[in-house]
Amino acid sequence: QVLLVESGGGLVQPGGSLRLSCAASNLIISFATMGWYRQAPGKQRELVATIDISGTTIYEDSVKGRFTISRDKAKNTVYLQMNSLKPEDTAVYYCNAQTPSQLYWGQGTQVTVSS
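Here the structure is a predicted model, which is why all the values come from computation and not from measurement.

Reading the values: rules and limits
- Residues numbered from 1 in each chain as written.
- Predicted model: local features only at pLDDT ≥ 70, side-chain atom pairs only at ≥ 80, totals over all residues.
- Heavy atoms only, no water.
- Helix = DSSP H or I, 4+ residues; strand = E, 2+ residues; numbered from the N terminus.
- Buried < 20%, exposed > 50% of the residue type's maximum accessible area, 1.4 Å probe, protein only.
- Contact = heavy atoms within 4.5 Å.
- Areas by Shrake-Rupley, 256 points an atom, 1.4 Å probe, with all protein chains shown as cover.
- Disulfide = S-S within 2.5 Å.
- Pairing = 2+ DSSP bridges.
- Axes fitted to C-alpha atoms, helices over the stretch in contact; angles between N-to-C directions.
- Salt bridge = Lys/Arg side-chain N within 4 Å of Asp/Glu carboxyl O.

A.B. asks: Before we move on, could you go through the overall build of the chain and cite the residues and values that matter?
C.D. replies: Check the secondary structure of the chain and you find zero helices and eleven strands. Each helix and strand of the chain, ordered N terminal to C terminal, gives the series β-β-β-β-β-β-β-β-β-β-β. Overall size of the chain, expressed as C-alpha extent along the three principal axes, is 40 × 25 × 25 Å. Counting the 115 residues in the chain, one finds 41% classified as buried. Pairs at least 24 apart in sequence give 52% of the contacts found in the chain among residues at least 6 apart. With an accessible surface of roughly 6200 Å², the chain has 50% of that area assigned to carbon and sulfur atoms.

What follows is the structure in structure tokens.
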């Protein structure tokens, strides 16, 4: 069984920064891909960024150059450094981890960008 625990969300002013963390409870499983998704009120959940076991990354176009995803394989932890935040980044951010056979989701952490 895998439990994903997110942290680092909160309220920040436009132009500010936040760093999200997601730690998996199972240190034996090697996840093929870990990443972050987000869902704003009234909108569908969308991909923000992913990173695979080799370190290859994928970013949603609107966050390129502002967000950076990274992972610590030994700790089974994925991070999302969020810089130059905009009000449109406001959403619940969900951690995701994937094996060849299963998909796991965190509970979500709220990110609010507002003056």
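Additional details are given in the paragraphs that follow.
A.B. asks: How would you summarise the state of the cysteines if you had to cite specific residues and measurements?
C.D. replies: The tally for this structure, following the rule as stated, stands at one disulfide. The disulfide that involves Cys-22 links it to Cys-95, with 1.9 Å between the sulfurs. For the disulfide bridge between Cys-22 and Cys-95, the dihedral angle about the S-S bond is near -85°, and by the sign convention the bridge is left-handed. With Cys-22 in strand S3 (residues 18–24) and Cys-95 in strand S9 (residues 91–98), the pair connects residues that are 73 residues apart, well separated along the chain. For the residue pair Cys-22 and Cys-95, the accessibility class agrees, reading buried in each case.

A.B. asks: Can you explain unusual backbone geometry? Please cite residues and give values.
C.D. replies: Not every positive phi belongs to a glycine, and Asn-76 is a case in point at roughly 50°. Looking at where Asn-76 falls in the secondary structure, it is placed in the loop between strand S7 (67–72) and strand S8 (77–82). Positive phi outside glycine occurs at Ser-84, with the angle close to 50°. Mapped onto the elements, Ser-84 comes out in the loop between S8 and S9.

A.B. asks: An account of the sheet that holds S8 is requested, with residue identities and associated values reported.
C.D. replies: The four strands lie next to each other as S1-S3-S8-S7, forming an open sheet whose pairing is antiparallel. Looking at strand neighbours, the two that pair on one side only are strand S1 (4–7) and S7, the edges of this open sheet. Sheet twist, expressed as the mean angle between neighbouring strand axes with direction ignored, is 15°.

A.B. asks: I'd like a rundown of the side chain of Asn-76, residues and numbers included.
C.D. replies: Owing to a relative accessible area of 2%, Asn-76 belongs among the buried residues under this scheme. In this structure Asn-76 touches Cys-22, Ala-23, Ala-24, Asn-26, Leu-27, Ile-29, Phe-31 and Met-34, once residues within four positions along its chain are discounted.

A.B. asks: Help me get a handle on the pairing of S1, residues and values and all.
C.D. replies: Across the two faces of S1 the burial differs, with Leu-4 and Glu-6 buried and Val-5 and Ser-7 not buried at all. Pairing analysis gives four bridges linking S1 to S3, with the strands arranged antiparallel. Opposite Glu-6, over in S3, you have Cys-22 as the bridge partner.

A.B. asks: Give a detailed account of the pattern of salt bridges, specifying residues and quantitative values.
C.D. replies: Evaluation of the coordinates by the stated rule reveals four salt bridges. Between Asp-61 and Lys-64 there is a salt bridge; the shortest N-O distance is 3.1 Å. Its salt-bridge partner being Arg-66, residue Asp-89 comes within 2.8 Å of it at the nearest N-O pair. Of this pair, Asp-89 sits in the loop between S8 and S9 while Arg-66 sits in the loop between strand S6 (57–59) and S7; the two residues are 23 residues apart in sequence, bridging distant segments of the chain. If you follow the salt bridges from partner to partner, you end up with Arg-38, Glu-46, Arg-66 and Asp-89 in one network.

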